[in-house]
Amino acid sequence: MKRNILNLGFGLLSVFLFFSCVDENDDIYVSYGVIRNVTSGNNYEILTDKGNTLAVTKSYTSQDIEDDKRVLVNYEILSDKDKSKKIYEVQVNGFYQLLSKPLVNESFILQDEDARRDSIGNDPFIRINSRFGGDYLNIDFELFHSQHVDKKHMINLIYDDTRASADTVYLTLRHNAYGEVIGKGGVYLYEAWGRCSFKISDLLPEGVTSKPVKLTWTQYGHNYEAKEYSDSGVFKKNGNVGDDYVMKAMLNDFIEVK
């Protein structure tokens, strides 16, 4: 089954509320971004996927503030510090720290295929929703989980570098549930949600500004049978504005993955 949503936005989950960011007159905003220029816990910047710079002057969060940390941030705009340059002075109300780690190359897996494919896993998701934003591919996923806080599933994005010269970038989202899958028995599983974000802009060669991307993953189908799904879109350097719609929800309502 193939769905074309990457270049159109999230395939919306009905259980969430969505709202526009920065361009609307809401009091509170939620944006994907990267922390930078940290000088203190109340003085740092966040570069959002839409290209806005959030100059933080107040921050109410227990999360560590670190340069280059990828976050989904809840904030209020205090003033337009330099609107022509899209710089806003803001108060941060909280973060959701996103799983964001390097891609795994297919060639690395092939060096010890049996062991590494087993470690990375190929367990099904219930569903995923994905979109480009800034330099990133942002993915929201739903899966079955025991809800034990010490039971972290593992998520990886595989880049097929064996087809690096192809016109399309081939990516596969992989999931190791460590036995927490339908049909194994012994543990009651709940529907749970999580977020991850992978930088993919570096996959475009120098001088190339856009490239088609195909994303593949395994998902539960009829009678919980695992099936392969795929999605496609065109990634554009400096052309993926992001932030049009993001999930407006409690930032700690999502499971932690590794």
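Owing to the predicted nature of the structure, the values given are computational and were not obtained by experimental measurement.

### Here's the deal with the sheet that holds strand β9 (residues 127-133)
Thought 1: With respect to topology, 3 strands assemble into an open sheet ordered β9-β10-β13, the strand pairing being antiparallel. Each edge of the open sheet is held by one strand with a lone partner, namely β9 and β13 (190-199). Going from strand to strand, the sheet's axes swing by 15 degrees on average, the running direction of each strand aside.
Thought 2: In the sheet, β9 pairs with strand β10 (residues 136-145) via 7 bridges, with the strands oriented antiparallel.

### Overview of the pattern of salt bridges
Thought 1: Applying the stated criterion to the full structure yields 6 salt bridges.
Thought 2: Two residues, R36 and E45, come together in a salt bridge whose shortest N-O distance is 3.1 Å.
Thought 3: The exposure class assigned to R36 is partly exposed, which follows from its relative accessible area of 30%.
Thought 4: Under the relative-accessibility criterion, E45 is labelled partly exposed at 22%.
Thought 5: Two residues, E142 and R127, come together in a salt bridge whose shortest N-O distance is 2.3 Å. With E142 in strand β10 and R127 in strand β9, the pair connects residues that are 15 residues apart, well separated along the chain.
Thought 6: Judged by its relative accessible area of 33%, R127 falls in the partly exposed class.

Cut-off values and rules
Residues numbered from 1 in each chain as written. Predicted model: local features only at pLDDT ≥ 70, side-chain atom pairs only at ≥ 80, totals over all residues. Heavy atoms only, no water. Pairing = 2+ DSSP bridges. Helix = DSSP H or I, 4+ residues; strand = E, 2+ residues; numbered from the N terminus. Axes fitted to C-alpha atoms, helices over the stretch in contact; angles between N-to-C directions. Salt bridge = Lys/Arg side-chain N within 4 Å of Asp/Glu carboxyl O. Buried < 20%, exposed > 50% of the residue type's maximum accessible area, 1.4 Å probe, protein only.

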